[in-house]
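Understanding the architecture of this molecule
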Amino acid sequence: LVQGARILGGIFLARLLSPSQFGIYAIVLYLQSFLTAFGDAGLGASLIRQHEEPEPADYRAVFTAQQLLVLAICLVLWLLAPLLATGYHLHRHEAWLFRLVALSFLITSFAVIPLIRLERHLAFDRVAIIESVRAIAFNAFAVYLAWRGLGSYAFVYALILSATMGTLLANWISRWRI
């Protein structure tokens, strides 16, 4: 379902956008994937692999360390956004694309502990629901906004919406006190 939504969304976006706008789409998705892959520095895996159930203090410690790391990455990305826009030959005002990706990364970071708890308890059906909702929301909203003429900003607004929906859903399915 997730892959199908991505493929279908990509096909529609390729038809709705100019080649340069579609290139920005690729840049945004790469940046989002990179940030997601390295956002917790392996701290989440340490909780999943523990033999015994982690204590609430363990979850809070990992959450705190991860949030400090995420905030540092977001701050760097926020400050480097004009340089990144220049490096990709974008207009200076398109530096906001990178800043909004950073915001979506920050929002997503609040879903990490609930997702870790679900994975630890092998609740992959619930993880699949969260990931499917995120993928469908992102692609549907990105296509809709691109169709409405928002161009490159369709992606980052869709990222923020899908990050918010995924985070709210993850915290609703696997509740924990921060």
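Below is a short write-up of the structure.

Some thoughts on the pattern of salt bridges
Scanning the model with the defined rule gives 1 salt bridge in all. The salt bridge involving Glu53 is made with Arg120; its shortest N-O contact spans 3.4 Å. On the criterion of sequence distance, the pair formed by Glu53 in the loop between α3 (43–49) and α4 (56–87) and Arg120 in helix α6 (residues 112–120) is long-range, its members being 67 residues apart. Residue class for Glu53 comes out partly exposed when judged on its relative accessible area of 41%. We classify Arg120 as buried; its relative accessible area is 15%.

What to know about a nonpolar patch on the surface
There is a patch of nonpolar side chains on the surface, built from Leu8, Phe12, Leu16, Tyr144 and Trp147 and spanning about 550 Å² of accessible area. Sorting the residues of the nonpolar patch by element identifies α1 (2–16) and α7 (124–147) as the ones contributing at least two each. The biggest single contributor to the nonpolar patch is α1, with 3 residues. Structurally, Trp147 can be placed in helix α7.

Examining the packing of α1 against α7
Between α1 and α7, whose axes approach to 9 Å, the crossing angle comes to 10°. Put simply, α1 runs roughly parallel to α7. Here Val2, Ala5, Arg6, Gly9, Gly10, Phe12, Leu13 and Leu16 of α1 come into contact with α7, specifically with Glu131, Ser132, Ala135, Ile136, Asn139, Ala142, Val143, Ala146 and Trp147. Tallied by class, residues from the contact of α1 with α7 come to 11 nonpolar, 4 polar and 2 charged.

A short note on the nonpolar core
For soluble globular proteins, the rule of thumb is that nonpolar side chains tend to be buried together. By size, the foremost hydrophobic cluster in this structure holds 33 residues, and its most contacted members are Leu13, Val28, Phe98, Val101 and Val156. Among the secondary structure elements, those contributing two or more residues to this core are α2 (19–38), α4, α5 (95–109), α7 and α8 (153–173). Not counting residues within four places of it along the chain, the set of residues in contact with Val101 comprises Val28, Leu31, Gln32, Leu35, Val156 and Leu159.

Quick notes on α4
For α4, with 32 residues, the first-to-last C-alpha span of 43 Å sits near the 46 Å given by 1.5 Å per residue. Along its length, α4 shows its largest kink, about 55°, at Ala81, and proline Pro82 lies within four residues downstream of that point. Every buried residue belonging to α4 is among Tyr59, Val62, Phe63, Gln66, Gln67, Val70, Cys74, Leu77, Ala81, Pro82 and Ala85, and all of these are buried. Directly beyond the C-terminal end of α4, a positive phi value near 60° is found at His89.

Rules behind the numbers
- Residues numbered from 1 in each chain as written.
- Predicted model: local features only at pLDDT ≥ 70, side-chain atom pairs only at ≥ 80, totals over all residues.
- Heavy atoms only, no water.
- Salt bridge = Lys/Arg side-chain N within 4 Å of Asp/Glu carboxyl O.
- Helix = DSSP H or I, 4+ residues; strand = E, 2+ residues; numbered from the N terminus.
- Buried < 20%, exposed > 50% of the residue type's maximum accessible area, 1.4 Å probe, protein only.
- Patch = residues over 30% accessible without salt bridge, like charges linked within 9 Å, V, L, I, M, F, W, Y side chains within 5 Å.
- Areas by Shrake-Rupley, 256 points an atom, 1.4 Å probe, with all protein chains shown as cover.
- Axes fitted to C-alpha atoms, helices over the stretch in contact; angles between N-to-C directions.
- Parallel < 35°, antiparallel > 145°, perpendicular 65-115°, else oblique.
- Contact = heavy atoms within 4.5 Å.
- Nonpolar A, V, L, I, M, F, W, Y, C, P; charged D, E, K, R; others polar.
- Core = buried A, V, L, I, M, F, W, Y, C linked by side-chain atoms within 4.5 Å.
- Expected span 1.5 Å × (residues − 1).
- Bend = angle between axes of the 7 residues up to and from the residue.

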